[in-house]
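What follows is each chain in one-letter form.
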Amino acid sequence: MRILQLCAVDFTLYHFLLPLMRGLRDAGHEVVGACAHGNLVPKIEAEGFRVIDVPIRRSANPLALARSYRAISQMLDVDKFDMVHVHTPVAALAGRLAAWRAGVPKIVYTAHGFYFHEHMPWPKRAAHIGLEWLAGRTTDLLLTQAEEDAATARRLGLARGPIHAIGNGSDPARFRPALPGETTRADIRAALGTPLDRPVILMVGRLVAEKGYPELVEAMRAVDAELWIVGERLASDHAGGIDATIAAAESDPVLKARIRLLGYRSDVPDLMRAADIFTLPSHREGMPRSIIEAMLTGLPIVATDIRGSREEVVDGQTGLLVPVRDPKALAAALQCLAGAPALRAKLGAASLVRAHDLYNEAKVVARQLALLAALDASRTRD
């Protein structure tokens, strides 16, 4: 087949879709990527993939959606594909409608996390469900990462074809505990000026409010530990920013001494091996890969009790779950682990076992390849 992998930005294509693209190519298919170009495109092209520049805006504004739809339609008028596989909310909505209009034989949607969620006001939630249902009339195969999302999609009828949960995963060869004799922990901490015996909490995520940064920064007033924040705000982000949160952290002597803003880093596996606790207090997620990566590294997790995260983290066994937007509960959970090395070790060991059982990237890619092959077989029969 000739397969298009379509998403909004190159960050998604590079960080999340490359393993699938490699797997499809190894299976004999021609694979092309499409997204709004950024500085990660050369790295994707270096692996031999063509990446089409499509100016998709990450905005639900009707005019922006219409522009994205036109841009994708123009691309599909020139390039013909046997299958279009869409990812991320805006690209998924506009891309499915454009692919249907272009007569693409098979349309696949991977919902990395539906935009609607249980904490969203019901009128907005209903509107987004309506859009998903409409686009679902064009969807031959709907893949979700979380089982909870698959159950929701089946209940709401969000695809005309089959719906499967495929899970999520990462590379256990890259994200792993430190090997005997490795000095990564000492080296990273020395470079950051952090004592070896200081409890370190790590957070990895885009610098937007919905990742839970306001609550996390507030919680750190009551947590005797150092917080490393890894991430940046993407130019395409339309989610609420955290400028006020950062300003508060930098102007408060207690918070300034405890919080380190590390920006975008390419050495996240090493940072995880140098940390003691991983946290992700998001307001909404699909099935966050950052938690899986931390579990593969053997870290205990503190996360919010939301879809995806609560599927990955077993409360009291591999980590602790707290309510959304509750800085006091978040602080209590973080302080509990910061002051209990033995408990951290116990939960982290259980995290590692669970991650290897469920979240090996190779298993997730294999599931997708099998489902896409079955869809291709049905296309051939048709």
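Here is a short report on the structure shown in this document.

Analysis parameters
Starting afresh in each chain, residues are numbered from 1 along the sequence in its written order. In view of the model being predicted, local features appear only for residues whose pLDDT reaches at least 70, and side-chain atom pairs are presented and counted only at 80 or more, with totals across whole chains, interfaces and linings using the full set of residues. Heavy atoms from the whole structure form the basis of all side-chain values; hydrogens and water molecules are not counted. Helix and strand definitions here come from DSSP, where helices need a minimum of 4 consecutive H or I residues and strands a minimum of 2 consecutive E residues; each element is numbered from the N-terminal end. Exposure classes here rest on a 1.4 Å probe applied to the protein chains alone. A residue is buried below 20% of its type maximum, exposed above 50%, and partly exposed in between. Should any heavy atoms of two residues lie within 4.5 Å, those residues are considered in contact. Here the accessible surface of atoms and residues is derived via Shrake-Rupley with a 1.4 Å probe, and residues count as covered only by protein chains that are part of the display. Residues scored as charged are limited to Lys and Arg (positive) and Asp and Glu (negative), so that His and the chain ends carry no count. Positions of charges follow a simple convention, taking NZ of Lys, CZ of Arg, CG of Asp or CD of Glu. Any two strands between which DSSP finds at least two bridges are classified as paired. Note on definitions: angles span 0 to 180 degrees between N-to-C directions of axes, and those axes are lines fitted to C-alpha atoms, for helices only across the stretch in contact. The handedness rule is simple: strands pointing away from the viewer, and a clockwise path from the first strand over the helix to the second, make the crossover right-handed. Every helix has an expected span of 1.5 Å times one less than the residues it contains. As used here, the arc belongs to the directions running from the helix axis to the C-beta atoms.

It is worth spelling out the overall build of the protein at this point. From N to C terminus, the protein includes 16 helices and 13 strands. Overall, the protein is about 60 × 45 × 40 Å in size when its C-alpha atoms are taken along their principal axes. Across the 382 residues in the protein, those meeting the buried criterion constitute 56%. Here the contacts in the protein between residues at least 6 apart in sequence split such that 67% fall between residues at least 24 apart. Surface summary for the protein: the accessible area is close to 15700 Å², and the carbon and sulfur share equals 56%. Charged side chains in the protein number 46 positive and 43 negative. The centres of these two groups are separated by 3 Å.

Further remarks concern the sheet that holds strand 4 (residues 83–87). In spatial order, the strands read 3-2-1-4-5-6-7; together these seven strands make up an open sheet with parallel pairing. If you trace the sheet from one side to the other, it starts and ends with strand 3 (50–53) and strand 7 (163–165), each paired once. Between one strand axis and the next, the sheet turns by 20 degrees as a mean value, whatever way the strands run. With six bridges connecting them, strand 1 (residues 2–9) and strand 2 (residues 30–36) associate as parallel partners. Note on strand 2: the bridge partner recorded for Arg2 is Glu30.

For the rest of this paragraph, the subject is unusual backbone geometry. A positive phi is found at Thr88, a non-glycine position, where the angle reads about 70 degrees. Within the secondary structure layout, Thr88 lies in the loop between strand 4 and helix 4 (89–102). Since its relative accessible area comes to 18%, Thr88 is described here as buried.

Side-chain direction in a regular strand flips from residue to residue, so the side chains alternate between the two faces of the sheet. For strand 1, the buried fraction is high: eight of the eight residues fall into the buried class. For the handedness criterion, the β-α-β arrangement of strand 1, helix 1 (residues 10–26) and strand 2 is classed as right-handed. Taken together, the four bridges between strand 1 and strand 4 define a ladder with parallel strand orientation. The residue bridging Gln5 from the neighbouring strand is His85, located in strand 4.

This paragraph deals with the pairing of strand 2. Of all seven residues making up strand 2, six are buried, and the element is well covered by its neighbours. The pairing of strand 2 with strand 3 spans four bridges and is parallel. Residue pairing for strand 3: Cys35 is matched across the bridge by Asp53.

Helix length check: helix 14 (residues 327–338), at 12 residues, gives a terminal C-alpha distance of 16 Å against a target of 16 Å (1.5 Å per residue), a fit within 8%. All of the buried residues along helix 14 are Leu330, Ala331, Ala333, Leu334, Leu337 and Ala338. Taken around the axis of helix 14, the buried residues stretch over an arc of 165 degrees, which confines them to a single face. Where helix 14 is buried, its residues touch strand 8 (200–204), helix 8 (213–219), strand 11 (277–280), strand 12 (301–304), strand 13 (319–322) and helix 15 (341–358).

On to helix 7 (residues 184–192), then. Listed as buried for helix 7 are Thr184, Ile188, Arg189 and Leu192. When helix 7 is viewed along its axis, its buried side chains cluster within an angular range of 120 degrees and face the same direction. Elements in contact with the buried residues of helix 7: strand 8, strand 9 (226–230), strand 10 (259–263) and helix 11 (268–274). Looking one or two residues past helix 7, Gly193 carries a phi angle of roughly 75 degrees, positive in sign.

Right, let's talk about the environment of Val324 for a bit. Turning to its location among the elements, Val324 is positioned in the loop between strand 13 and helix 14. Sequence spacing of Val324 and Asp305 is 19 residues, and the spatial spacing of their C-alpha atoms is 6.6 Å. Residues in contact with Val324, not counting those within four places in the same chain, are His119, Ser282, His283, Thr304, Asp305 and Ile306.

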